[in-house]
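Chain and residue survey
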Amino acid sequence: MMFSRRKFSSLLLGLICLVALISTTPALVASQIETISILMPAPFADSTVKLVDNFNTLYKNQIHLNVIRGPRQTESMSDLAISSLLLGDTPFDGLLMDITWLPKYARAGWLEGLDPYFDETDIADLASGAEKGNDFEGTLYRWPLVADMGLLFWRTDLMNTPPKTPSELVSISNQLQTQGKVPWGYVWQGRQYEGLSCVYLEMIDGFGGDWFDVNNQSLGLNEVPGVEAAQWLTDLIETGISPRAVTTFAEPEALRNFQSGESAFMRNWPYAWAELQKQDSPVRGKIGISTMVSLPGVEPASTLGSWGFTLLRGSNHKDAVIKAIKYLTSAEAQRVMFIEHGYTPTVKALYEDLELIQDYPHLALLSRALNNAVLRPETPIYAQISDVLQRSLSASLTGEEKPKLSMNRADRSSEQILVAAGGTPS
Amino acid sequence: MILIALLLPSIIFLGIVFGFPLLSYLWLSLHANSVLTSFRSIFNGWANWNRFIHDYRYWQDFLQTIRFSVASVGIELLLGLIIALILHRPMKFRGWIRSSSLIPWALPTTVMALGWRWIFNSPFGPIDQFTTALGAQSLNILGNPSTAWIATVYSDVWKTTPFVALILLAGLQSIPADLYEACRLEGASASSCFRRITLPLLMPYIGLAAMFRLAQAFGVFDLIQVMTGGGPASSTESIALYAYLNALRFLDFGYGATIIIGSFILLSILVASCWFFVHLFNRKRSIMITK
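Since we're looking at a predicted model, the values are computed, not measured. (Residues numbered from 1 in each chain as written. Chains lettered and ligands numbered in written order. Predicted model: local features only at pLDDT ≥ 70, side-chain atom pairs only at ≥ 80, totals over all residues.)

Here the focus is the overall build of chain A. For chain A, the count of helices and strands is 18 helices and 14 strands. Overall size of chain A, expressed as C-alpha extent along the three principal axes, is 100 × 55 × 50 Å. Going through the 426 residues of chain A one by one, you find that 46% of them count as buried. For chain A, the share of sequence-separated contacts (at least 6 apart) that also reach a separation of at least 24 residues comes to 75%. (Helix = DSSP H or I, 4+ residues; strand = E, 2+ residues; numbered from the N terminus. Buried ≥ 20, exposed ≤ 12 C-beta atoms within 10 Å, placed from the backbone. Contact = placed C-beta atoms within 7 Å.)

Counting its secondary structure elements, chain B contains 13 helices and two strands. By its C-alpha atoms, chain B is 75 × 75 × 35 Å across when sized along the principal axes. Relative to its 291 residues, chain B shows a buried fraction of 32%. Look at the contacts in chain B between residues 6 or more apart in sequence, and 66% of them connect residues 24 or more apart.

All names here are of chain A. Of all hydrophobic cores here, the largest spans 157 residues; its most connected members are Ile38, Leu96, Phe153, Val187, Tyr200 and Ala324. Counting the residues that make up this core, at least three belong to each of domain 1 (30–148 + 305–374) and domain 2 (151–303 + 378–420). The residues contacting Val187, other than those within four sequence positions of it, are Ser242, Val246, Phe249, Ala254, Asn257, Phe258, Ser263 and Met266. (Core = buried A, V, L, I, M, F, W, Y, C linked by C-beta atoms within 7 Å. Domains from an automatic or database assignment.)

The next thing to look at is the domain arrangement of chain A. Residues and elements named next belong to chain A. What the domain assignment lists for chain A is domain 1 (30–148 + 305–374) and domain 2 (151–303 + 378–420). A straight line from the C-alpha centre of domain 1 to that of domain 2 covers 28 Å. The partner domain 2 presents 19 residues to the 17 residues of domain 1 that form the contact. Of all the secondary-structure elements, those providing two or more residues to the side of domain 1 that touches domain 2 are α5 (102–107), α16 (363–371) and β14 (373–374). Among the elements that take part in the side of domain 1 that touches domain 2, α16 stands out by supplying four residues, more than any other. The residue makeup of the side of domain 1 that touches domain 2, split by class, is seven nonpolar, six polar and four charged. (Nonpolar A, V, L, I, M, F, W, Y, C, P; charged D, E, K, R; others polar.)

Moving on to the interface of chain B and chain A. Think of interface size as the accessible area that goes away when the parts come together; that is how it is often given. On the side of chain A, 24 residues touch chain B, which itself brings 23 residues to the contact. Ranked by residue count, the leading element in the side of chain B that touches chain A is helix α2 (residues 47–54) of chain B, at five residues. By residue class, the composition of the side of chain B that touches chain A is eleven nonpolar, eight polar and four charged.

Residue and element names in this part refer to chain B. Residues other than glycine seldom take positive phi values, yet Ser38 does so here, at roughly 55°. Mapped onto the elements of the fold, Ser38 is located in the loop between β1 (31–32) and β2 (42–43). Residues other than glycine seldom take positive phi values, yet Phe93 does so here, at roughly 55°. Residue Phe93 is classed as exposed on the basis of its C-beta count, with 8 C-beta atoms lying within 10 Å.

Moving on, we get to the pairing of strand β1 (residues 34–40) of chain A. Residues and elements named next belong to chain A. Inspection of the sheet shows β1 paired to strand β2 (residues 63–69) by seven bridges, in the parallel sense. Residue pairing across strands places Glu34 opposite Ile63, the latter belonging to β2. The pairing of β1 with strand β3 (residues 94–98) spans two bridges and is classified as parallel. Across the sheet, Leu39 pairs through a bridge with Leu95, a residue of β3. (Pairing = 2+ DSSP bridges.)

A few words on the confidence of the model for chain B. Residues and elements named next belong to chain B. For chain B, the mean per-residue pLDDT works out to 90, and 98% of the residues sit at or above 70. Model confidence for chain B, summarised as mean pLDDT per element, is weakest for helix α13 (residues 253–290) at 84 and strongest for helix α3 (residues 56–88) at 95. Model confidence for the complex is summarised by a pTM of 0.85, with the ipTM given as 0.80. (pLDDT = per-residue confidence, 0-100.)

We now examine the packing of α3(B) against helix α8 (residues 145–173) of chain B. All names here are of chain B. Put simply, α3 and α8 touch, their axes get as near as 6 Å, and they point 40° apart. Judged by the inter-axis angle, α3 sits oblique to α8. Once α3 is placed against α8, the crossing between them reads as right-handed. (Axes fitted to C-alpha atoms, helices over the stretch in contact; angles between N-to-C directions. Parallel < 35°, antiparallel > 145°, perpendicular 65-115°, else oblique. Left-handed = near helix turned anticlockwise from the far one by under 90°.)

Attention shifts here to α16(A). Residue and element names in this part refer to chain A. Within the sequence span of α16, burial applies to Leu363, Leu366, Ser367, Ala369 and Leu370. Down the axis of α16, the buried set is contained in an arc of 165°. They therefore lie on one face. Lining the buried residues of α16 we find β6 (142–149), β7 (151–155), β13 (302–311), α14 (348–351), α15 (354–359) and β14. (Arc of directions from axis to C-beta.)

A few words on the sheet that holds strand β8 (residues 184–187) of chain A. Residue and element names in this part refer to chain A. Spatially, β8-β11-β7-β12 is the arrangement adopted by the four strands of the open sheet, whose pairing is mixed. Either end of the sheet is taken by a strand with one partner, and the two such strands are β8 and β12 (287–290). Each adjacent strand pair in this sheet contributes to an overall mean axis angle of 20°, direction not counted. Where helix α10 (residues 251–259) meets the sheet, its contacts fall on β7, β8 and β11 (263–268), and the angle it forms with β11 comes to roughly 155°.

The next point concerns the environment of Leu172(B). Residue and element names in this part refer to chain B. Turning to its location among the elements, Leu172 is positioned in helix α8. Its 17 C-beta neighbours within 10 Å are what place Leu172 among the partly exposed residues. Taking the C-alpha atoms as reference points, Leu172 and Leu202, 30 residues apart in sequence, are found 6.7 Å from one another. Ignoring any residue separated from it by four or fewer positions in sequence, one finds Leu172 in contact with Ala84, His88 and Leu202.

Pasting the structure below:
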């Protein structure tokens, strides 16, 4: 009895030693591995799982990339990032960010410049248009993962060519509506939210104006094109080309209306293409993509929305993060993201890939829209001035206020924000 | 002299806790301190205040906050009074019923707001499931600017009515029973007993509950932040949430401070005028009684 107990305890001791040995071995290896983490919004964290796994296998025993799955909503995601960055201690090395956040983060001094890591040839490899919105005040801070741009979707069974100018869009709509072919002409995003700013940006640029000139820090909302753009959008509703409900539409509502054949035109993002071409879609095979309408002689404009990687200044693993960014944004990775998740590529090579073009003929159209991409104002106070614009536009679209008056007000309020926040007074 | 010396510790304490932050916010409201100035304070005179006066988002939020406060506190007082009257009656398991009625109030706001967000969710919440099962359209309560604020009021009422009921119950218990006896002996009806005895004697407690609740409702933040985040189209945004957004989302600390000081002044005026009217009302009544 005594003996067996002693035997048992020595066995136990041996077992403990063994366990301790086994558990320390990976720890020894792990200490040589650089562990880096990148914060991404939930949809991106989910769609990049496979790529991240591939990266970790490729750099086995060297780098371990850990993706932090952030909230789904863009604003909650930014709130989360800002609150940890304000504390000065960043729990992540990289951040996948929306195009409109960049000036704010860069000015706050949270981002590391990427110029030492990406040179001229890297930038030349980007598709025309995708190079926009990655720098702030002359420094490169962001490398794009996906592009997104405003498109005009039209029905190929109702017309031969898409409209080029605002008045063409109106006259084609009128004609189709009086013929009874469609109940509505044009659907877009008219709800009071960021999508409305994107719609308006395309129109003010299409009428030859400019929302905010970054160089002079001057606003153009109450100048002729600014007021005309607001007036045109308001008239669409008042003349019955767009349904009154368009003032409650975001992207999904506009898509639902257009997909069920209720309208001849829709403004939306590239993701809508795949939805419209699904097997059960009533308008399958009857859809064309074009750029937004603009006055004769004025370049059409597509609002650029894109997500890209940034490197945080507080990171201790900068080279490892750059390796991860380069891997995740490579042409091969983007091909996977495009085919499996429909993300619009940002590298030129994919738009020139004959095999890909054969399977996805709309790539050429996307490339043309990306070429016409325009940026929302590149200012750290973008969120505030966009909010002011959305409010004024909404008041004008719902008929509470005349477009001229509301654009005047938006211009003045934006100016007050700029001055109060310490921008250059004019 | 001794009086001042005795008061000094509390004066110093109040100065540190309330005076210092208020003064530093006042100072900040006269400066630009934002991401544009790289978080340095640069004197900009009345620019923040000029923006504040013309900021229609703020004034919308101000009206919305008042709407929220008045609606929720009003309903809470009414329901609280009814519940207090019920709980005051002798009945079986009164202790149990009284303590279990406090459960909503004991829940952390964040937890209960998250719960209500799910209940009102469209299309997965039970309310939407119920209406769509009946063949009606999805209500999308939290997605519609004209109904979202009602949902926030509803949740606030659900949570804080027990608190009001508790204060009013304490008030009811302080009313001597012989007053009611005398009332009945005089042959007065139950409703006139309520109007002549219960309500007047309960007035100080109602006032106390209203003051507590109004102050809290005016600064509502957690409930709104969790339930709607201020949306849709900032139709449920409160002043506190807007101040938070300016500081932490827009990184404009100067204007955030302006909102806080501005709201402090407005609230002070509001409370002072309420107090004035109550005072006027009381004096009128006491004159009537003496006559």
